There are 2 protein chains.
Amino acid sequence: MKYSSDAVEKAIHELSKLPGIGRKTAQRHVFYLLKQTEHEVHQLAEALLELKSKVIHCHTCFNITETDPCRICSSDKRDRSIICVVEEANDVLALEKTGEYRGLYHVLGGALSPLDGIGPDDLRIKELLNRLDGVNEIIVATNPNTEGEATAIYLSKLIKPMGVKMTRIARGIPVGADLEYTDEITLARAIEGRLEY
Amino acid sequence: MKYSSDAVEKAIHELSKLPGIGRKTAQRHVFYLLKQTEHEVHQLAEALLELKSKVIHCHTCFNITETDPCRICSSDKRDRSIICVVEEANDVLALEKTGEYRGLYHVLGGALSPLDGIGPDDLRIKELLNRLDGVNEIIVATNPNTEGEATAIYLSKLIKPMGVKMTRIARGIPVGADLEYTDEITLARAIEGRLEY
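Residues numbered from 1 in each chain as written. Chains lettered and ligands numbered in written order. Predicted model: local features only at pLDDT ≥ 70, side-chain atom pairs only at ≥ 80, totals over all residues. Heavy atoms only, no water.

Engineer: Tell me what's going on with the overall build of chain A, and back it up with residues and numbers.
Structural biologist: A tally of helices and strands in chain A yields eight helices and six strands. Listed by position from the N terminus, the elements making up chain A come as α-α-α-β-β-α-β-α-β-α-β-α-β-α. For chain A, the spread of C-alpha atoms along the principal axes amounts to about 65 × 45 × 35 Å. Sorting the 197 residues of chain A into buried and exposed places 41% on the buried side. A separation of at least 24 residues holds for 46% of the contacts in chain A among residues at least 6 apart in sequence. Surface exposure of chain A reaches about 11,300 Å², of which carbon and sulfur atoms provide 53%. Within chain A, one finds 25 positive and 30 negative side-chain charges whose respective centroids are separated by 2 Å. (Helix = DSSP H or I, 4+ residues; strand = E, 2+ residues; numbered from the N terminus. Buried < 20%, exposed > 50% of the residue type's maximum accessible area, 1.4 Å probe, protein only. Contact = heavy atoms within 4.5 Å. Areas by Shrake-Rupley, 256 points an atom, 1.4 Å probe, with all protein chains shown as cover. Lys, Arg positive; Asp, Glu negative; His and termini not counted. Charge placed at Lys NZ, Arg CZ, Asp CG, Glu CD.)

As structure tokens, this is what we get:
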């Protein structure tokens with residue numbers, strides 16, 4: 001397919017690399033951008049460049065940040081005796097949005113997945129072990145799928161013998177869901193993890 | 001909501017301006033980009049900047065182009081006696097993809113829409129009238145909605161008296177569709193525009 005402009009073709013090609021963006025959507029974005037002022041397109045391009053130039057990983061928790069240590073690790077309002085272990089930096093965002101958790105985080109950078117060749121050495125587990133001084137509890141908030149569960153079990157077997165309390169976020173039926181349409185594994189977990197009034 | 005990085009927040013804000021991209025999708029894109037190499041993000045940003053610096057409008061047909069006149073207007077393989085009138089530059093792309101049409105184009109830059117304050121002077125109608133020399137037929141390929149139809153009727157009333165054949169692209173049931181689920185107006189148009197074997 002030959003377009004009337006190589007620049008348009010190139011922009012479509014680059015945009016369609018983004019997750020969930022196909023050629024048609026990329027084309028729509030390009031035509032939208034062509035109608036915007038030069039200033040607005042510059043702002044978008046600059047914001048993308050700044051992502052790479054400004055955003056780094058915190059060397060303590062490996063969350064994304066612009067300062068090292070990050071705002072959470074350097075805050076004196078956070079409970080330093082609890083670490084919540086997550087797979088990716090966006091999980092930190094999701095948990096922070098709840099406003100419920102006031103402890104620290106640790107971003108593993110993925111989950112154990114032997115089939116994809118991801119073993120313990122590919123995750124930031126060693127770095128987690130180095131942070132255990134003064135920590136009373138580790139909440140494992142990896143995803144509730146096979147890889148996430150395997151990682152949670154691995155971490156608990158590794159760290160529990162060191163005398164640190166290991167907990168796992170509750171799995172159960174999501175708020176607003178229908179019992180009828182909930183899969184049996186989730187339902188079994190919901191009964192298993194029932195709480196007393 | 002306070003994110004851990006202003007650069008991340010800014011990139012999410014800028015990306016969510018794109019059509020059909022909400023905050024969640026923008027966030028997903030940002031985390032994807034953070035995992036890419038600096039080179040790849042640079043390529044995307046540059047492609048977007050090039051869009052504004054290189055892409056111009058052809059002064060004959062007002063299609064997007066990098067050369068003026070555009071490749072279609074300057075090609076000696078196109079039939080210069082037919083002009084296909086479309087609303088936007090992306091309509092040219094859609095028609096070119098069919099490989100069926102070998103004439104020239106004219107991009108109006110929209111359709112008549114009194115409710116939105118878009119009258120004949122806001123479209124490139126005067127520029128179309130200046131191109132009628134040596135033209136035998138004008139195919140009106142505006143969208144088959146109220147504004148597109150109004151524009152088509154306006155153009156036909158304006159240009160037909162000048163002795164140019166005015167045609168409208170066929171409206172009917174799309175290939176692969178079901179008669180049962182086709183709306184009555186489309187079906188009426190399909191019967192009206194029936195062709196003899």
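Next comes the rest of the description.
Engineer: Hey, could you go over the interface of chain A and chain B for me, with residue numbers and the actual values?
Structural biologist: Counting from both sides, the interface comprises 54 residues of chain A and, opposite them, 54 residues of chain B. In total, chain A and chain B occlude about 5,500 Å² of area from one another, counting both sides; carbon and sulfur atoms represent 67% of this. Across the pair glutamate 50 of chain A and lysine 10 of chain B runs a salt bridge, and its minimum N-O distance is 3.4 Å. Where chain A touches chain B, the interface holds 16 residue pairs in polar contact (both at pLDDT 80 or more). Where the side of chain A that touches chain B is concerned, the elements lending two or more residues are α1 (6-15), α2 (23-35), α3 (38-54), β2 (64-65) and α5 (89-98) of chain A. Sort the elements by how many residues they give to the side of chain A that touches chain B and α3 of chain A lands first, with 14 residues. Grouping the amino acids of the side of chain A that touches chain B by side-chain chemistry returns 25 nonpolar, 12 polar and 17 charged. (Buried area = accessible area lost by both parts, 1.4 Å probe. Salt bridge = Lys/Arg side-chain N within 4 Å of Asp/Glu carboxyl O. Polar contact = N/O pair within 3.5 Å; in protein donor to acceptor, adjacent residues only side chain to side chain. Nonpolar A, V, L, I, M, F, W, Y, C, P; charged D, E, K, R; others polar.)

Engineer: Please provide a residue-by-residue account of the confidence of the model for chain A, values included.
Structural biologist: Confidence in the prediction of chain A, expressed as mean pLDDT, is 90, and 98% of residues score 70 or more. For this predicted complex, the interface confidence reaches an ipTM of 0.79, while the overall pTM sits at 0.78. (pLDDT = per-residue confidence, 0-100.)

Engineer: Would you mind going over the pattern of salt bridges in detail, with residue names and values included?
Structural biologist: A complete count under the given rule lists 19 salt bridges over all chains for this structure. A salt bridge links lysine 54 of chain B to glutamate 50 of chain B; the shortest N-O distance between them is 3.8 Å. In this pair, lysine 54 of chain B and glutamate 50 of chain B are both assigned in helix α3 (residues 38-54), four residues apart and thus about one turn of the helix distant. Classification of lysine 54 of chain B as partly exposed rests on a relative accessible area of 40%. Salt bridges here are not isolated pairs; linked through shared partners, they connect Lys10 of chain A together with Glu50 and Lys54 of chain B.

Engineer: Account for the packing of aromatic side chains, with residues named and values stated.
Structural biologist: Residues and elements named next belong to chain A. Across all of its chains, the model carries two aromatic pairs over all chains by this definition. On the basis of an interplanar angle of 65 degrees and a centroid distance of 5.1 Å, the ring pair of tyrosine 101 and tyrosine 105 is categorised as edge-to-face. With respect to burial, tyrosine 101 and tyrosine 105 carry one shared label: buried. (Phe/Tyr/Trp six-rings, centres within 6.5 Å; stacked < 30°, edge-to-face > 60°.)

Engineer: Residues and numbers for the packing of α1 of chain A against α3 of chain B, please.
Structural biologist: Taken N-terminus to C-terminus, the directions of α1 of chain A and α3 of chain B make an angle of 150 degrees; their axes are 9 Å apart at the nearest point. Between α1 of chain A and α3 of chain B the crossing geometry is left-handed. Of the residues in α3 of chain B, those touching α1 of chain A at Ala7, Val8, Lys10, Ala11, Glu14 and Leu15 of chain A are Glu40, Gln43, Leu44, Ala47, Leu48, Glu50, Leu51 and Lys54 of chain B. When the residues that make up the contact of α1 of chain A with α3 of chain B are grouped by side-chain class, the tally is eight nonpolar, one polar and five charged. (Axes fitted to C-alpha atoms, helices over the stretch in contact; angles between N-to-C directions. Left-handed = near helix turned anticlockwise from the far one by under 90°.)

Engineer: How would you summarise the layout of surface pockets if you had to cite specific residues and measurements?
Structural biologist: Gaps between atoms show up when a probe of the same size as a water molecule is rolled over them. All names here are of chain A. Empty space within the largest pocket amounts to approximately 410 Å³. Forming the walls of the largest pocket are 19 residues, and the residues nearest its centre are Thr142, Asn143, Pro144, Ile169 and Arg171. Contributions of two or more residues to the lining of the largest pocket are made by α5, α7 (146-159) and α8 (184-192). The element best represented in the lining of the largest pocket is α5, accounting for four residues. (1 Å grid on protein atoms, 1.4 Å probe; cavity = no way out; pocket = protein on both sides within 12 Å on 5 of 7 lines; lining within 4 Å. Points joined across faces, edges and corners; volume = space filled by probe spheres on them.)

Engineer: Which residues make up the relation of the copies chain A and chain B, and what values go with them?
Structural biologist: One copy of the chain maps onto the second through a rotation around an axis plus a translation along that axis. Superposition of chain A onto chain B requires a rotation of 180 degrees combined with a translation of 0.0 Å along the rotation axis, giving an RMSD of 0.0 Å. Both copies of the chain, as the preceding transformation shows, are related through a two-fold rotation axis. Among all residues of chain A, the one whose C-alpha sits closest to the rotation axis is alanine 45 of chain A, at a distance of 2.3 Å. Here 100% of the contact residues of chain A are again contact residues in chain B; the copies associate through an equivalent surface. (Least-squares fit on C-alpha atoms with pLDDT ≥ 70 in both.)

Engineer: Before we move on, could you go through the sheet that holds strand β6 (residues 165-168) of chain A and cite the residues and values that matter?
Structural biologist: Residue and element names in this part refer to chain A. Strand order in the open sheet formed by four strands is β4-β3-β5-β6, with parallel pairing between adjacent strands. Of all strands in the sheet, those bounded by a partner on one side alone are β4 (103-107) and β6. Adjacent strand axes in the sheet meet at a mean angle of 25 degrees when their direction is disregarded. Sheet topology places strand β3 (residues 79-86) next to strand β5 (residues 137-140); four bridges connect them, and they run parallel. (Pairing = 2+ DSSP bridges.)

Engineer: Can you lay out the sheet that holds strand β5 (residues 137-140) of chain B for me, pointing to particular residues and giving the numbers?
Structural biologist: Residue and element names in this part refer to chain B. Taking strand neighbours across the sheet as the criterion, the four strands line up as β4-β3-β5-β6 in an open arrangement whose pairing is parallel. Of all the strands in the sheet, just β4 (103-107) and β6 (165-168) have a single pairing partner and so form its edges. For this sheet the average axis-to-axis angle between neighbouring strands, irrespective of direction, equals 25 degrees. Where β5 lies against β6, four bridges are found, and the strand directions are parallel. Within β6, the residue paired with isoleucine 139 across the bridge is threonine 167. The sheet contacts of helix α5 (residues 89-98) involve β3 (79-86) and β4, and relative to β4 the element is tilted by about 155 degrees. Across the sheet, helix α7 (residues 146-159) is in contact with β3, β5 and β6; its angle to β6 comes to roughly 170 degrees.

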